[in-house]
Amino acid sequence: MSLRDLPKLLRDDPALLEVRGRTNALIAVPEPARAFTIAGLVETTTRHPYLVAVPTTADGERLANDLSAFLGPERVDLFPAWETLPFERVSPGVETMGKRLRTIWRLHEPNRAPDVVIAPIRALVQRLGPDVEKVEPVEIEIGQRPDRDKLVASLVTAGYRP
């Protein structure tokens, strides 16, 4: 038995039976068992994606890492918050922009959507750029020269201010 088999054992857990199928539900779970419980919900229901709001980016990273052990990394996305405030004249980090765009791109198509999106509260209240759902990921392999215009267009759509 591996870690990925454990969440299925929660199929008949009374607390999870009570919250399954509800639009909104609240269940209190100690921090060490959160990833296991969320994975149990995901593995025993057909609903997805689940949105898990966490207080901070560090909490989100920790939960995403733990949850990936139960579900696999492709089934979990972290939707990070911008590191900058709207009135600051500094662009957010390119890595953060990429992670946010990747999550939105994945959510746009049901067949590639993650089962769980984890987001700090701050990320959930931050605005997205216009037409952000139209941005396609740019994949660059080692030794390949990227299309500069395509890269700049993606960054501007994502909210980057040169």
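Right above here is the structure, for reference.
Residues numbered from 1 in each chain as written. Predicted model: local features only at pLDDT ≥ 70, side-chain atom pairs only at ≥ 80, totals over all residues. Heavy atoms only, no water.

Asker: Which parts of the structure should I look at to understand the sheet that holds strand E2 (residues 76-78)?
Answerer: Within a sheet, each strand pairs with its neighbour through backbone hydrogen bonds, oriented either parallel or antiparallel. With parallel pairing, the three strands of this open sheet are ordered in space as E1-E3-E2. Every interior strand has two partners, whereas the edge strands, strand E1 (50-54) and E2, have only one. Put simply, the sheet's adjacent strands are angled 20° from each other on average, direction ignored. As paired elements, E1 and strand E3 (residues 116-120) share five bridges and run parallel to each other. Across the sheet, the residue bridging to Leu-51 is Val-117, located in E3. (Pairing = 2+ DSSP bridges. Helix = DSSP H or I, 4+ residues; strand = E, 2+ residues; numbered from the N terminus. Axes fitted to C-alpha atoms, helices over the stretch in contact; angles between N-to-C directions.)

Asker: Looking at this model, I keep getting lost on the side chain of Arg-106. Mind explaining?
Answerer: Here Arg-106 shows up in helix H4 (residues 94-108). Other than its neighbours up to four places away in sequence, Arg-106 contacts Glu-74, Val-76, Asp-77, Arg-112, Ala-113 and Pro-114. (Contact = heavy atoms within 4.5 Å.)

Asker: Looking at this structure, I do not really get the layout of surface pockets. What am I missing?
Answerer: Over the atoms rolls a probe the size of a water molecule, and in doing so it shows where empty space is left. Of the pockets and cavities examined, the largest pocket occupies roughly 850 Å³. Ile-27, Ile-38, Leu-41, Leu-51 and Val-52 are the residues nearest the centre of the largest pocket, which is lined by 31 residues in total. Going through the elements one at a time, helix H2 (34-44), E1 and helix H3 (57-71) are the ones with two or more residues in the lining of the largest pocket. Residues that form the lining of the largest pocket fall into these classes: 18 nonpolar, five polar and eight charged. (1 Å grid on protein atoms, 1.4 Å probe; cavity = no way out; pocket = protein on both sides within 12 Å on 5 of 7 lines; lining within 4 Å. Points joined across faces, edges and corners; volume = space filled by probe spheres on them. Nonpolar A, V, L, I, M, F, W, Y, C, P; charged D, E, K, R; others polar.)

Asker: How do you make sense of H4 when you look at a structure like this?
Answerer: One full turn of an α-helix is made of 3.6 residues, so residues set three or four places apart face in the same direction. With 15 residues, H4 should cover 21 Å at 1.5 Å per step; its first-to-last C-alpha distance of 21 Å lies within 8% of that length. Restricting attention to buried positions, one finds in H4 the residues Thr-96, Met-97, Arg-100, Leu-101, Thr-103, Ile-104 and Arg-106. (Expected span 1.5 Å × (residues − 1). Buried < 20%, exposed > 50% of the residue type's maximum accessible area, 1.4 Å probe, protein only.)

Asker: Hey, could you run me through the packing of aromatic side chains in this one?
Answerer: The way to describe two aromatic rings as a pair is by their centre distance and the angle between their planes. Taken as a whole and judged by the stated rule, the model has one aromatic pair. Each ring, one from Phe-36 and one from Phe-70, has its centre 5.6 Å from the other, and the planes form 50°; the classification is tilted. With a gap of 34 residues between them, Phe-36 in helix H2 and Phe-70 in helix H3 connect regions that are remote in the sequence. On the basis of relative accessible area, Phe-70 is assigned to the buried category, the value being 13%. One Lys or Arg, Arg-112, reaches over the ring of Trp-105 and ends 3.8 Å from the middle of that ring. (Phe/Tyr/Trp six-rings, centres within 6.5 Å; stacked < 30°, edge-to-face > 60°. Lys NZ or Arg CZ within 6 Å of the ring centre and 35° of its normal.)

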